Number of protein chains: 4
Amino acid sequence: MYHIVKALVYDGPGKKQLADRPQPALIHATDAVVRITRTTICGTDLHILKGDVPTVAPGRILGHEGIGVVDEVGTGVSRFHQGDRVLISCITACGKCDYCRRGMPSHCEQGGWILGNTIDGTQAEFVRIPFADTSLYLVPENADEDAMVMLSDILPTGYECGVLNGAVKPGDTVAIVGAGPIGLAALLTTQFFAPANLIVIDLDDNRLAVAKQFGATAVVNSSAGKAAETIMALTGGKGVDVAMEAVGIAATFGLCQDIIGAGGHIANIGVHGTSATLHLEKLWSKNITITTRLVDAVTTPLLLKTVMAGRLKPARLVTHHFPLSDILKAYDTFGNAAKESALKIILTNK
Amino acid sequence: MYHIVKALVYDGPGKKQLADRPQPALIHATDAVVRITRTTICGTDLHILKGDVPTVAPGRILGHEGIGVVDEVGTGVSRFHQGDRVLISCITACGKCDYCRRGMPSHCEQGGWILGNTIDGTQAEFVRIPFADTSLYLVPENADEDAMVMLSDILPTGYECGVLNGAVKPGDTVAIVGAGPIGLAALLTTQFFAPANLIVIDLDDNRLAVAKQFGATAVVNSSAGKAAETIMALTGGKGVDVAMEAVGIAATFGLCQDIIGAGGHIANIGVHGTSATLHLEKLWSKNITITTRLVDAVTTPLLLKTVMAGRLKPARLVTHHFPLSDILKAYDTFGNAAKESALKIILTNK
Amino acid sequence: MYHIVKALVYDGPGKKQLADRPQPALIHATDAVVRITRTTICGTDLHILKGDVPTVAPGRILGHEGIGVVDEVGTGVSRFHQGDRVLISCITACGKCDYCRRGMPSHCEQGGWILGNTIDGTQAEFVRIPFADTSLYLVPENADEDAMVMLSDILPTGYECGVLNGAVKPGDTVAIVGAGPIGLAALLTTQFFAPANLIVIDLDDNRLAVAKQFGATAVVNSSAGKAAETIMALTGGKGVDVAMEAVGIAATFGLCQDIIGAGGHIANIGVHGTSATLHLEKLWSKNITITTRLVDAVTTPLLLKTVMAGRLKPARLVTHHFPLSDILKAYDTFGNAAKESALKIILTNK
Amino acid sequence: MYHIVKALVYDGPGKKQLADRPQPALIHATDAVVRITRTTICGTDLHILKGDVPTVAPGRILGHEGIGVVDEVGTGVSRFHQGDRVLISCITACGKCDYCRRGMPSHCEQGGWILGNTIDGTQAEFVRIPFADTSLYLVPENADEDAMVMLSDILPTGYECGVLNGAVKPGDTVAIVGAGPIGLAALLTTQFFAPANLIVIDLDDNRLAVAKQFGATAVVNSSAGKAAETIMALTGGKGVDVAMEAVGIAATFGLCQDIIGAGGHIANIGVHGTSATLHLEKLWSKNITITTRLVDAVTTPLLLKTVMAGRLKPARLVTHHFPLSDILKAYDTFGNAAKESALKIILTNK
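Residues numbered from 1 in each chain as written. Chains lettered and ligands numbered in written order. Predicted model: local features only at pLDDT ≥ 70, side-chain atom pairs only at ≥ 80, totals over all residues. Heavy atoms only, no water.

Caption draft 1: Focus on the overall build of chain A. If you tally the helices and strands in chain A, you get 12 helices and 16 strands. In terms of overall dimensions, chain A has C-alpha extents of about 70 × 40 × 40 Å along its principal axes. Split into buried and exposed, the 350 residues of chain A put 63% on the buried side. Taking as baseline every contact in chain A between residues at least 6 positions apart, the subset at least 24 positions apart corresponds to 68%. (Helix = DSSP H or I, 4+ residues; strand = E, 2+ residues; numbered from the N terminus. Buried < 20%, exposed > 50% of the residue type's maximum accessible area, 1.4 Å probe, protein only. Contact = heavy atoms within 4.5 Å.)

What follows is the structure, encoded as structure tokens:
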């Protein structure tokens, strides 16, 4: 017999509630059920609540990040056992399809980003995780739990879509457009590769101050509309080696095109709802590379090692804590991020 | 005392003549003067004649491709001597600036694409070549001279901007949009990497027939407006691994976006005069890479080896021969390429 | 109730028999049982029979290559069904461990090379395949069955250990030391990358003649002890870009060191039983790369695509066919490969 | 008329003197003469003095590192002018030959390591630098001069031969065998890539203490002969991802083989006088990569950027300063490095 558990449920555009739901059960042999101990809210959840993500049906439990304790595993799960403390990847990977085997589980035939999207997610007391063996990671003994939650999505996203796709190398000049949690995750992980200059651009002076603390060597407030000129001046007219778009609108993607140097990389991280103008009439001869990517979360083991080695301190991204029972309050805080100086908010469950 | 030589001169939009000009002389110690034996006309020359390339001033001798015999070298030239038969690169490389040392001489601080653009070019009996040591290549003894002319520009362009930037690998499905000389050069050099499927798209059935002979495994005439549907059907709905844009207009760049598969590469080869729409709302999560490049011509030595080994037969691209004195006629033929079934036209000098 | 089936059994050094064995059954949920339709003998099987491979215990059914028809699958197998025609990989991959996820299933914690080694293999009427979903491949409808058998081991071995590790690129000069089946598989797949010169070295003129037919541009019989001098002369004293060792003895590895050019790659393919001398006193400053690899067989899908596209014709490696019931005769023929002009021998079952 | 200048001259095995020599003059148009302001002594100079480097003839002025001020340039030099403060690369690059254009000027047809080897070097008041445009770098205005000297040789050597060839990536476990100046240069630059564990092995506890200060996460004194066991225990029996050999003897190269994990990289940095044993019988199936390299010094611009950005502080390697006139005393100190706790010694000239 299953218990009733608390969960944050999407009720259609603009509507959500903390509802009672039956505790999730195993469906397939490769499933695990995990008792959530910490979860968080993502900018994507706010998009869903606006009704921008049509794959999310009303009634869906949101959330694709979190850590917890394995409660039950199916007969096909061999790498995890009841009681294991686990990190939940935002990307569910079957491990068998062509995409998984090409290292691109974001496009897994049966998985990808499904948690809190096409199946119930992690903003709940319990969650069912399909393909547990290839979608969970063991949390090391002495790990900082807040840090671990950052490894579900935002650190691999900043690292894979921004840093790896941007091909950052020592000595580079890197611009990150957008200093929200994802831009800051990119800022932290860009420093794995010893760039010489790290310019962060945003509209919010508070976030820019945080960026400075997190390692930016220069910050530019773009509200005056002079960001491109400022950055071109900072780079002696040459432009940057790498520009990361961490906002998700046409204007910031345009800024990346304005500041990219010959031979440079524009790495898109943002989620875009509309098309953008690509200035091929200027860029066709500039030897540039533009990349897009839905995070594959294949670098989670690597990131875990850097966190455990103390090279990366992602808990710095956490600004607020709430009990899971106060998740509606947490959403309010996160929804007013600028006013509340909020970055990532941790929800704890027992 | 310098002689008078014949040269094709741009006289402003829509105007050109075969004019008498003083034979070019050495200016800098690193210059060579080359007597042209074979040259050709590029699609870019037609753009210049339309007035589309503002860096080209009236009075300029056109042409950036060709082979010839070294007539005179400056005191700073150490690798070439009078009488050497040489291949002229379309890219002039100083070999010393940051861009040259990064392998990107297309953006050389003193060179790049300057021949037939900001300095006089190769459609003449003689041409001055700056930085001769790093901008010329020795023509091997038993080389096919027509093949050598193809190595000045169009083969490195197809190979670097299309094949290398597209990261073609064995087993791939590759689409080449545009079957003009550059698209066909990409078609020939794509076969270095054993793709499984090679789809060529064009509006002209004659060019598609040539593409078939050159190794295309499927051809699609896009005049009916169904190219994207056809290619998606050919690929079982997955899209292609690599799409090369070899036309230079927004519509064909759009087609590349329509047919690209998850994880795929769009390699732009075309010269664009206007911006294009980038469908980030669809592509942000598709893990794609888009590249642009002005040819660097750094692969010329490699391509020369494949030609001499018989692995690449670029003389297949040559459809017509004229004496240099008939260059105006040659321009007419090249200007009516579809009607004349013209690809590359060789102009011979003595 | 299980039937009795025929199998080639290793009975300790120097001893083997075609024995009756119980038909293998499923053990784990992720297993499949496959009815073998074609298998083959590998040079490694001869090593086992000499007693050189201590992990193989007497009583073991040999064989790690083959194709067949799925007879039964465990409850954890989702990608294959009874009746599917499948290609068996020589490498068993769990798909979940760190090594598998790094693309290195040769070192899979529960798999790797186990077939015909630590578990019963494919030289039998039936075989049990662990981790079937990630260790089998569907055979396409109209595939040549002999060609498919070559994809179990020897083509991925030549391609991964020789060609990919050797980093062959267009225009390269490549030397392959050893023209046995593995060296010839490397020869075939090296041509994916359009090398300019392809030199094959062996002691056997017959095999060198085959190498010529398979695309070698030069062959060198090393029995006279002048191979290094000959190759240095062929390369104008510069040495080769890539040297592949496909024999497995110190002398041939030494030859690779003698002929490698500055900046070159030595790709070891051979199985070595003893150490070799590494001439660091000559090589420390030559900017060379040496690689070793147990095949991971991760390129099987790619190779399958090139075979189906007609770019690779591996059935050319097959010289003999025997019914499985004549496998002892087939071993005799394979054991006298030089005299019998044998390369790969196919054993057919019904 | 040329002046007499002081220079450290090699007089045959075991013999050196601070001698009077005529000030060097321009020979070729591409030469510069540089007045040395700072130079240093390399371990290689000690090898030369032992008579180990046969290319160095008696009478040769030693030294291949240093900074200075341009005194005179030939007519073929365009990027430097009298009075420019310059960094001298240990590698002289013509910029035109095949090797230079492949990014491998260590093997430049007319250059490579020639300073203090086949032509007079930098341990003198003045030095002639061939191919000045491609063998010198401008010293930025506010640069630390001691740091700049480290960029002539030891930092690019540690970085290119150790870190880049070792393919260090975030989260890796890296072992550096040898904590002399080169090993420590590798230690500093390995940290560009955020390894999780950085183990340094040496016989000298003082150098290991320095390694700790420079970022080693573990140090192992190998004098007890238990280094391999210790490192295997530290890595849970898996071995390291990257092992760098920074000593140059067979025993330390052997240690690298003992500790390398499956899929790992052994990057040789040391100068070897004898061969080593390569344990192919163990390594053939371990998927490892071994590299050798004479430094190309192509990363000097990149390293300069990281130094100027404060990401790399190479002046930490400098333990002693002497005036150039005391260079014999400096050689004594450097020759007793362990006793004197000496790493790099700077010699200043005026």
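The rest of the description comes next.
Caption draft 2: A look at the sheet that holds strand β9 (residues 197-202) of chain D. Strand order in this open sheet of 12 strands is β10(C)-β9(C)-β8(C)-β11(C)-β12(C)-β14(C)-β14(D)-β12(D)-β11(D)-β8(D)-β9(D)-β10(D), and the pairing throughout is mixed. Across the chains shown, the open sheet's two edge strands, defined by having one partner strand only, are β10 (218-221) of chain C together with β10 (218-221) of chain D. Ignoring strand direction, the axes of neighbouring strands in this sheet form an average angle of 15°. Bridge count between strand β8 (residues 173-177) of chain C and strand β11 (residues 240-245) of chain C: four bridges; the pairing is parallel. In the strand pairing of β11(C), Ile176(C) is matched with Met244(C). The sheet strands contacting helix α7 (residues 227-234) of chain C are β9 (197-202), β10 and β11 of chain C, and the helix crosses β10(C) at an angle near 155°. On top of the sheet, helix α4 (residues 154-166) of chain D reaches β11 (240-245), β12 (260-268) and β14 (289-291) of chain D; it is set at about 160° to β12(D), its chief contact. (Pairing = 2+ DSSP bridges. Axes fitted to C-alpha atoms, helices over the stretch in contact; angles between N-to-C directions.)

Caption draft 3: Examining unusual backbone geometry more closely. You will see that Asn287(B), though not glycine, has its phi angle at about 55°, which is positive. Residue classification places Asn287(B) among the buried positions, given a relative accessible area of 9%. A positive phi is found at Ala194(D), a non-glycine position, where the angle reads about 50°. Note on placement: Ala194(D) falls in the loop between α5 (181-190) and β9. Using a relative accessible area of 4% as the deciding quantity, one classes Ala194(D) as buried.

Caption draft 4: Structural detail: the relation of the copies chain B and chain A. With an RMSD of 0.0 Å, the fit of chain B onto chain A corresponds to turning through 180° and sliding 0.0 Å along the axis. The symmetry that links the two subunits is that of a two-fold axis. Of the residues that chain B buries at the interface, 100% are likewise interface residues in chain A, meaning the two copies contact each other through the same surface. (Least-squares fit on C-alpha atoms with pLDDT ≥ 70 in both.)

Caption draft 5: Looking closely at the relation of the copies chain C and chain A. Of the transformation superimposing chain C on chain A, the axial component is 0.0 Å and the angular component is 180°, with the fit at an RMSD of 0.0 Å. Interface overlap between copies is the fraction of interface residues in one copy that are interface residues in the other; for chain C against chain A it reaches 100%, indicating a shared surface.

Caption draft 6: Local environment of the sheet that holds strand β11 (residues 240-245) of chain B. With mixed pairing, the 12 strands of this open sheet are ordered in space as β10(A)-β9(A)-β8(A)-β11(A)-β12(A)-β14(A)-β14(B)-β12(B)-β11(B)-β8(B)-β9(B)-β10(B). Each having just a single partner strand, β10 (218-221) of chain A together with β10 (218-221) of chain B make up the two edges of the open sheet. Strand after strand, the sheet turns through a mean of 15° between neighbouring axes, direction not considered. Here helix α4 (residues 154-166) of chain A sits on the sheet and contacts β11 (240-245), β12 (260-268) and β14 (289-291) of chain A; the angle it forms with β12(A), its principal contact strand, is near 160°. Strands in contact with helix α7 (residues 227-234) of chain B are β9 (197-202), β10 and β11 of chain B; relative to β10(B), the strand with the most contacts, it is inclined by about 155°.

Caption draft 7: Summary view of the packing of aromatic side chains. Counted under the stated rule, the structure contains 10 aromatic pairs over all chains. When the ring of Tyr159(A) is compared with that of Phe192(A), the centres are 5.5 Å apart and the planes differ by 70°; the resulting orientation is edge-to-face. One end of the pair, Tyr159(A), is in helix α4; the other, Phe192(A), is in the loop between α5 (181-190) and β9 (197-202), and 33 residues separate them in sequence. The pair Tyr159(A) / Phe192(A) is uniform in exposure class, with both members buried. Ring geometry for Tyr159(A) against Phe193(A): centres 6.4 Å apart, planes inclined by 5°, an arrangement best described as stacked. Of this pair, Tyr159(A) sits in helix α4 while Phe193(A) sits in the loop between α5 and β9, placing them 34 residues apart in sequence. Here Phe193(A) falls in the buried class, since its relative accessible area comes to 8%. Through pairs of rings, three or more aromatic residues link up here, namely Tyr159(A), Phe192(A), Phe193(A), Tyr159(D), Phe192(D) and Phe193(D). (Phe/Tyr/Trp six-rings, centres within 6.5 Å; stacked < 30°, edge-to-face > 60°.)

Caption draft 8: Representation of the interface of chain C and chain A in the model. Taken together, the 12 residues of chain C in the interface contact 12 residues of chain A. Together, the buried faces of chain C and chain A total about 1,000 Å²; carbon and sulfur atoms form 35% of this surface. Taken as a group, Arg79(C), Lys96(C) and Arg101(C) account for 54% of the area that chain C buries against chain A, more than any other trio of residues on that side. Applying the counting rule to chain C against chain A returns four salt bridges. A salt bridge links Arg79(C) to Glu109(A), with the nearest nitrogen and oxygen atoms 3.9 Å apart. Put simply, chain C and chain A have nine residue pairs in polar contact (both at pLDDT 80 or more) between them. When grouped by side-chain class, the residues that make up the side of chain C that touches chain A number two nonpolar, four polar and six charged. (Buried area = accessible area lost by both parts, 1.4 Å probe. Salt bridge = Lys/Arg side-chain N within 4 Å of Asp/Glu carboxyl O. Polar contact = N/O pair within 3.5 Å; in protein donor to acceptor, adjacent residues only side chain to side chain. Nonpolar A, V, L, I, M, F, W, Y, C, P; charged D, E, K, R; others polar.)

Caption draft 9: Broad picture of the side chain of His320(C). Here His320(C) shows up in strand β15 (residues 318-323). Ignoring sequence-local partners within four residues, the contact set of His320(C) consists of Thr333(C), Glu340(C), Ser341(C), Ala342(C), Lys344(C), Ile345(C) and Ile346(C).

Caption draft 10: Highlighting the interface of chain B and chain A. Contacts between the two partners involve 37 residues from chain B and, on the opposite side, 37 residues from chain A. Between chain B and chain A the total buried area reaches about 3,100 Å² when both faces are included, carbon and sulfur atoms providing 57% of it. At the boundary of chain B with chain A, the tally comes to zero salt bridges. Counting every contact that joins chain B to chain A gives 21 residue pairs in polar contact (both at pLDDT 80 or more).

Caption draft 11: View of the environment of Asn142(A). Residue and element names in this part refer to chain A. As for its position among the elements, asparagine 142 is in the loop between β7 (136-138) and α3 (145-150). Classification of asparagine 142 as exposed rests on a relative accessible area of 63%. In this structure, the C-alpha to C-alpha distance between asparagine 142 and threonine 348, residues 206 residues apart in sequence, is 18 Å.

Caption draft 12: Highlighting the pairing of β9(B). Residue and element names in this part refer to chain B. Counting buried positions along β9 yields five of six residues, so the element is predominantly enclosed. Of the pairings in the sheet, the one linking strand β8 (residues 173-177) to β9 comprises five bridges and is parallel in character. Counterpart to valine 177 in the pairing with β9 is isoleucine 201. As a crossover connection, the stretch from β8 through helix α5 (residues 181-190) into β9 is right-handed. (Right-handed = clockwise from strand over helix to strand, strands pointing away.)

Caption draft 13: Fine view of helix α11 (residues 327-335) of chain C. Buried residues of α11(C): Ile327(C), Ala330(C), Tyr331(C), Thr333(C) and Phe334(C), and no others. Axial view of α11(C): buried residues confined to an arc of 165°, hence all on one face. (Arc of directions from axis to C-beta.)

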